[in-house]
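Here is what each chain is made of, one letter per residue.
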Amino acid sequence: MTSLRKDIALVAEAHVRQLALCADLEAIADDLPSQVDRQRCLHLARAVCPTIAAAQSIEEELVFPAMRALLPAMPELQQTLERLRWEHFEDMCFAEELHDALLAMGCGEPTLDAEATGYMLRGFFESLRRHVAFEREMLLPLLTSRNAI
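Undergrad: Looking at this model, I keep getting lost on the state of the cysteines. Mind explaining?
TA: Across all of its chains, the model carries zero disulfides by this definition. Looking at Cys22, it has no disulfide partner, and the nearest cysteine sulfur is the one in Cys49, 14 Å off. With a relative accessible area of 0%, Cys22 lands in the buried category. Looking at the unpaired Cys93, the closest cysteine sulfur is the one in Cys49, lying at 9.8 Å.

Undergrad: Hey, could you run me through the packing of aromatic side chains in this one?
TA: For the structure shown, the criterion picks out two aromatic pairs. Here Trp86 and Phe89 contribute two aromatic rings whose centre-to-centre distance is 5.8 Å and whose plane-to-plane angle is 90°, an arrangement assigned as edge-to-face. Highlighted residues: Trp86 and Phe89, both in helix H3 (residues 77-106), separated by three residues, approximately one helical turn. Arranged with centres 5.4 Å apart and planes meeting at 85°, the rings of Phe94 and Phe124 form a pair that is edge-to-face. One end of the pair, Phe94, is in helix H3; the other, Phe124, is in helix H4 (residues 114-145), and 30 residues separate them in sequence. For Phe94, a relative accessible area of 24% translates into the label partly exposed.

Undergrad: Which parts of the structure should I look at to understand the packing of helix H1 (residues 3-31) against helix H2 (residues 38-70)?
TA: To describe two helices that pack against each other, one gives the angle between their axes and the distance between the axes. At a closest axis distance of 9 Å, the pairing of H1 and H2 adopts a crossing angle of 155°. The pairing of H1 with H2 is recorded here as roughly antiparallel in orientation. Classified by chirality, the crossing of H2 by H1 is left-handed. Where H1 approaches H2, its residues Asp7, Leu10, Val11, Ala14, Arg17, Gln18, Leu21, Asp24, Leu25, Ala27 and Ile28 are matched on the opposing element by Arg40, Cys41, Leu44, Val48, Thr51, Ile52, Ala55, Ile58, Glu59, Leu62 and Val63. Per-class residue counts for the contact of H1 with H2 are 15 nonpolar, two polar and five charged.

Undergrad: Got a minute to help me understand the side chain of His88 in this structure?
TA: As for its placement among the helices and strands, His88 is situated in helix H3. For His88, a relative accessible area of 2% puts it in the buried group. Among the polar contacts listed, one links the side chain of His88 to the side chain of Glu59, at a separation of 2.4 Å. Filtering out sequence-adjacent residues up to four positions away, His88 remains in contact with Gln56, Glu59, Glu60, Phe64 and His131.

Each value, and the rule that gives it
Per chain, residue numbering runs from 1 following the sequence as it is written. It should be noted that, the model being predicted, local features are given only for residues of pLDDT at least 70 and side-chain atom pairs only at 80 or more, the latter also being counted only at that level, while totals for whole chains, interfaces and linings use all residues. In computing side-chain properties, one takes all heavy atoms of the structure into account and sets aside hydrogens as well as water. Cysteine sulfur atoms are paired as a disulfide whenever they fall within 2.5 Å. Using a 1.4 Å probe on the protein chains alone, a residue whose accessible area is under 20% of its type maximum counts as buried, one over 50% counts as exposed, and one in between counts as partly exposed. Two rings from Phe, Tyr or Trp (for Trp, the six-membered ring) form a pair when their centres sit within 6.5 Å of each other. Planes less than 30 degrees apart are called stacked, planes more than 60 degrees apart edge-to-face, and all others tilted. Counting from the N terminus, the helices are the DSSP runs of H or I reaching at least four residues and the strands are the DSSP runs of E reaching at least two. Helix axes use the C-alpha atoms of the stretch in contact, all axes being lines fitted to C-alpha atoms, and the angles between their N-to-C directions lie in the range 0 to 180 degrees. Any angle from 65 to 115 degrees is called roughly perpendicular, while one under 35 is roughly parallel, one over 145 is roughly antiparallel, and all others are oblique. Crossing handedness is read from the near helix: turned anticlockwise from the far helix by less than a right angle, it gives a left-handed crossing, and turned clockwise, a right-handed one. In what follows, residue pairs with any heavy atoms lying within 4.5 Å of each other are defined as contacts. Residues are grouped as follows: Ala, Val, Leu, Ile, Met, Phe, Trp, Tyr, Cys and Pro are nonpolar; Asp, Glu, Lys and Arg are charged; all remaining types, including Gly, are polar. Polar contacts here mean pairs of N or O atoms no more than 3.5 Å apart (in protein, one a potential hydrogen donor and the other a potential acceptor; neighbouring residues in sequence count only if both atoms are side-chain atoms).

Structure follows, in structure tokens:
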């Protein structure tokens, strides 16, 4: 397998893991307030930060350098790179807050009411889905067509 295909496969696998996390978080949000699966909450509390960190690491080690290589031909990508870098920071901060909320729910000690918790879950997974969609629809095709990865 060529390096390009290998790198794209790593990014695609990270997308699959992130979208699976989103689906699990959505299931919890849909079950609020009466049908909270505590074990699922504990499992997701343990998974949320590592899943996001791993995906961000892959993006920062593979996608971002490939985008930087395109800057001479496409200087407007600098603004996109900067936005994505800040999104990573915000997503990780949000993931840490979500970890705490999921852990509390899993231990039977919710700190927020069901409506606020649902809003928090939905805000996170909807944002993450948009991030993945942008990469799939815009960045990966751009990088692939330019043979940048």
